[in-house]
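Observations on chain architecture
The chain contents come next:
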Amino acid sequence: MAFQRDGDLNLEATELRAQVVGWPPIRSYRKNCLQAKKMEAEAAGSGIYVKVSMDGAPYLRKIDLKVYKDYPELLKALEDMFKFKVGEYSEREGYNGSEFAPTYEDKDGDWMLVGDVPWDMFMNSCKRLRIMKGSEARGLGCAV
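Residues numbered from 1 in each chain as written. Predicted model: local features only at pLDDT ≥ 70, side-chain atom pairs only at ≥ 80, totals over all residues. Heavy atoms only, no water.

Where an unreviewed UniProt entry is consulted, the protein appears under the name Auxin-responsive protein, with the organism given as Hevea brasiliensis. Under the heading Subunit (unreviewed entry), UniProt records this for the protein: "Homodimers and heterodimers." Its UniProt record gives the protein a comment under Sequence similarities (unreviewed entry), which states: "Belongs to the Aux/IAA family." (UniProt positions renumbered as here; feature names shortened; annotations may be inferred.)

Another point: the overall build of the protein. Secondary structure summary: the protein contains four helices and seven strands in total. Across the 144 residues that make up the protein, the buried fraction comes to 29%. Partitioning the intrachain contacts of the protein with sequence separation of at least 6 by distance along the chain shows that 48% fall at a separation of at least 24. Here the protein displays about 10600 Å² of accessible surface, and carbon together with sulfur accounts for 53% of that area. (Helix = DSSP H or I, 4+ residues; strand = E, 2+ residues; numbered from the N terminus. Buried < 20%, exposed > 50% of the residue type's maximum accessible area, 1.4 Å probe, protein only. Contact = heavy atoms within 4.5 Å. Areas by Shrake-Rupley, 256 points an atom, 1.4 Å probe, with all protein chains shown as cover.)

In total, this model carries six aromatic pairs according to the counting rule given. Measuring from centroid to centroid gives 5.3 Å for Tyr71 and Phe122, while their planes differ by 55°, and the two rings are tilted. Here the residue Tyr71 occupies a position in helix 3 (residues 71-82), and Phe122 occupies one in helix 4 (residues 119-125), the gap between them amounting to 51 residues. Both residues of the pair, Tyr71 and Phe122, belong to the buried class. (Phe/Tyr/Trp six-rings, centres within 6.5 Å; stacked < 30°, edge-to-face > 60°.)

The tally for this structure, following the rule as stated, stands at seven salt bridges. Note that Glu79 is salt-bridged to Lys85, the shortest N-O span being 3.8 Å. Looking at Glu79, the relative accessible area reads 10%, which means it is buried. (Salt bridge = Lys/Arg side-chain N within 4 Å of Asp/Glu carboxyl O.)

Let us now look at the pairing of strand 1 (residues 49-54). One face of the sheet, then the other: side chains in a regular strand alternate in exactly this way. Here strand 1 shows a buried face lined by Val50, Val52 and Met54 and an unburied face lined by Tyr49, Lys51 and Ser53. Here strand 1 pairs with strand 2 (residues 61-64) via four bridges, running antiparallel. Across the sheet, residue Val52 finds its bridge partner in strand 2, namely Arg61. The turn joining strand 1 and strand 2, which pair antiparallel and follow one another in sequence, is formed by six residues; a positive phi near 90° is taken by Gly56. Pairing geometry for strand 1 and strand 7 (residues 128-133), over four bridges, is parallel. Across the sheet, the residue bridging to Val52 is Leu129, located in strand 7. (Pairing = 2+ DSSP bridges.)

Encoded structure:
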């Protein structure tokens, strides 16, 4: 019986140690202050990551849009990433001179051509990028 008591004591001691979480204890107001600062730091330093797919490519990529300053820089990176060439962009006809057209899905679920809206609006509304075949992207331009 003495052996069981020692075992019970050891069992109770390990249970008590398992219950102690967050040692040393921190008062709730201090914990809330630290949590708020952590959330601010994460929001300020985080990027805007979006998935990029290309028709016919067997893989996806993920890029951080905050790295790029404008459309030409983004398009150059996509060209290098997927080894294709983007044609010249015009508002009436979209991208000419290429069999592919870079498009994006906005927060409403609509597919639009990359370059149709100002850069800041694009940064706030882009959910994912897709490099479509030019034939599929014909109706996406802002045709007048």
